[in-house]
Amino acid sequence: MRLFLLAIALVFLPAPLISAAQDRPPAQTVEAKAALLAASCSGCHVRAPTKDGFPSIYGQPAAEIRDLLLSFRSGAREGTVMNRIAKGYDNAEIELLAHFFATQGGPQ
Amino acid sequence: MSSAPNTPSRRRFLGTAAAAAVAAGLPVQLKAAGSPARVVVIGGGYGGATVARFLLAADPRIHVTLIEPNRALYSCPFSNAVIAGLKPYSMLRFGYDGVAATGVRLVFDKATRVDPAAKTVRTEGGQVFSYDRLIMAPGIEFIWNAIAGYDEAAAEIMPHAWKAGPQTLLLRKQIEQMPDDGVVAIAPPTNPFRCPPGPYERASLIAYYLKKHKPRAKVLILDSKESFSKDLLFRRAWKELYGDRIEWHGIFDFGPVIAVRPKEMVLVTEKREFRVDVANIIPPQRAPAIAQDAGLADETGWCPIDPVTFESRLQPGIHVLGDASIAGAMPKSAFSANAQGKVCAMQIARLLNGEAPIQTKLINVCYSLVAPHYGISVAGVYRPGEGIIEEVENAGGVSPTHASEKFRRREAGYAESWFRTITEQVFG
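Because the structure is a prediction, the values reported are computed rather than measured.

Asker: Please set out the overall build of chain B residue by residue, giving values where relevant.
Answerer: From N to C terminus, chain B includes 12 helices and 25 strands. The C-alpha radius of gyration of chain B comes to 22 Å, within 12% of the 22 Å expected for a compact globule of 428 residues. Every one of the 428 residues in chain B was classed for burial, and the buried ones make up 60%. Carbon and sulfur atoms provide 50% of the accessible area of chain B, an area that totals close to 16,400 Å².

See below:
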């Protein structure tokens, strides 16, 4: 149960709260890195999108988000602004983002 | 200084009871001394309101105080639509109840003096706030009389409407009341300034209004630059939608507007004078006095910052974000301020927890409406470079020069969606 609550903490509270351990587990730094990268995305993408709004990216499978970002980046998929944005991220960053949004759950 | 901060329900903001329970149950180790860190935020605009509430999201133990003179913000984004009579003024107004509900302590007062050595902020109302870290998001101030004759009094006759509120309504009224064959002049400043595409979106939507209601009237842009944001897109769209209704002159045509005579409604350039019916002067800008007086600004008038943490390069312990900062390649926009606010909040939470900040990337997207259903955008992805924020190469850019009506319509829809998203996130 504690592990489950801890996982939620890493998702909802981007900055690590636990500082008791001397050696910070790498997972927390990875989560923090993902949360920082993802911060700009919520400028447009909301949890509960409306009909003509930006699509929801929260709680979608990581593989789907990754594929979407990669196809925006390559131009295989035509967006309006996403092609230009996706080009700004490398594969590792896209992987981080995909997993971050996948764990964020659906609309509140 | 007052003692206990507000502690309204943070559960609401954290979103789930589980997360709140976790936050309560984890060991607290915020400072060596054991007392929670105090962060003061100056400015409740898109940058300040964002960083304040996201600091609490990152670490609910931080005591966050937001000092803002006005009880509500009037949004500059979408104010052009109000000026053109397309949207109601009420749509621009955002109160701070949502921000306060997250646990941020709102202080409706004007910060007048920062003492970086003593780490205090004094206000007009006589309050004194001590801080462990200070975040300044004070926006811009105008450099009065940089254009001879354009002072605060002149702005009541020739509005800038570059801070939304009464100025927005003033400009709207003037456009409604102008003669049917009149001229609206817009005089944009040199770079850098708040909202690079803003003057041109304004020209576009005013032209939309004039085409419908005063078809013999014109918009005259007397620019102090030789080019502007999204200019190819704007100029093509102007021709397509408005014919000759918008006349843009770059700096090489007449020179910049160097003086005004408000009572005569005259704008003076190097080569000639223009008598107009409505004059929208957008004067040169700089970081406001609260930042200048604290030693945060350099000779450019803006505040240099660390590109990872937004900490001032001139005063340690003070962070600057939004329009007042030198954010390198990032434009001075609400989107930028909001993105910077979220990132800065997380970095400061890390610093307060004794952790190193993490290099990351930020995004800016600026939507402009050339007409209600014709939207264009400019986007950029940014990362910390050599001491300054740089644009990621081969990314970003403007909307395609050639695009279908459907594409332009979609971007116009996204412009409205963005406004709903961001204002809900920041003020909701």
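Asker: Account for the overall build of chain A, naming residues and giving values.
Answerer: Helix and strand counts for chain A come out as five helices and zero strands. For chain A, the succession of helices and strands along the chain, N to C, is α-α-α-α-α. Evaluated residue by residue, chain A yields a buried proportion of 49% over its 108 residues. When contacts within chain A are restricted to residue pairs at least 6 apart in sequence, those whose partners lie at least 24 apart make up 54%.

Asker: Hey, could you go over the nonpolar core for me, with residue numbers and the actual values?
Answerer: Residue and element names in this part refer to chain B. Counting residues in each nonpolar core, the largest one holds 148 residues, and the members touching the most others are Val114, Met136 and Trp238. The greatest single-element share of this core, amounting to 11 residues, is contributed by helix α11 (residues 334–352). Residues contacting Trp238, with those up to four places away along its chain left out, are Tyr200, Ala203, Ser204, Ile221, Phe228, Gly243, Ile246, Trp248 and Val370. If you look at the next biggest cluster of nonpolar residues, it comprises 18 residues, including Ala185, Val257, Met265 and Leu267.

Asker: For the sheet that holds strand β5 (residues 105–108) of chain B, give the residues involved together with the corresponding values.
Answerer: Residue and element names in this part refer to chain B. A sheet is described by the order of its strands in space; here five strands give the open sequence β5-β2-β1-β9-β20, paired in parallel fashion. With one partner strand each, in any of the chains shown, β5 and β20 (318–320) form the two edges of the open sheet. Pairwise comparison of adjacent strand axes, ignoring direction, gives a mean angle of 20° for this sheet. Sitting on the sheet, helix α3 (residues 46–58) touches β1 (38–42), β2 (63–68) and β9 (133–136), and the angle it makes with β2 is about 165°.

Asker: Describe the packing of α3(B) against α11(B), and please don't skip the residues or the numbers.
Answerer: Residues and elements named next belong to chain B. Their axes nearest at 8 Å, the elements α3 and α11 cross at an angle of 30°. As far as their axial angle goes, α11 and α3 are roughly parallel. At the point where α3 passes α11, the crossing takes the right-handed sense. Residues Tyr46, Gly47, Thr50, Val51, Phe54, Leu55 and Ala58 of α3 form the contact with α11, whose participating residues are Ala334, Ala337, Asn338, Gly341, Lys342, Cys344, Ala345, Met346, Ile348 and Ala349.

Asker: Tell me about the pairing of strand β13 (residues 246–249) of chain B, and name the residues and values.
Answerer: For strand β12 (residues 218–222) of chain B and β13(B), the ladder comprises four bridges, and the chain directions are parallel. Across the sheet, residue Ile221(B) finds its bridge partner in β13(B), namely Trp248(B).

Procedures and definitions
- As a convention, each chain's residues are numbered from 1 in the sequence order in which they are written.
- Whichever chain is written first is A, and whichever ligand is written first is 1; the rest continue in order.
- With the structure being a predicted model, the display of local features is reserved for residues of pLDDT at least 70 and the display and counting of side-chain atom pairs for 80 or more, all residues being used for whole-chain, interface and lining totals.
- The side-chain numbers reported here are obtained from all heavy atoms of the structure, hydrogens and water having been left aside.
- Only DSSP runs of H or I reaching four residues or more are called helices, and only runs of E reaching two or more are called strands; each is numbered from the N terminus.
- We take the radius of gyration over the C-alpha atoms and set the globule estimate at 2.2 Å times the residue count to the 0.38 power.
- Partly exposed describes any residue whose relative accessible area lies between the buried limit of under 20% and the exposed limit of over 50%, with all areas from a 1.4 Å probe on protein chains only and scaled to the type maximum.
- In short, Shrake-Rupley with a 1.4 Å probe defines the accessible areas, and a residue's cover is counted only from the protein chains shown.
- Note on definitions: a residue-residue contact is assigned when non-hydrogen atoms from the two residues lie within 4.5 Å.
- Residue types Ala, Val, Leu, Ile, Met, Phe, Trp, Tyr and Cys, when buried and joined through side-chain atoms within 4.5 Å, form a set referred to as a nonpolar core.
- Two strands are counted as paired when DSSP detects at least two bridges linking them.
- Between the N-to-C directions of two axes lies an angle of 0 to 180 degrees, each axis being a line fitted to C-alpha atoms and, for a helix, fitted only over the stretch in contact.
- Comment on the angle field: the value is read as roughly parallel under 35 degrees, roughly antiparallel over 145, roughly perpendicular from 65 to 115, and oblique elsewhere.
- For a crossing to be left-handed, the near helix must be turned anticlockwise from the far one by less than a right angle; the clockwise case is right-handed.

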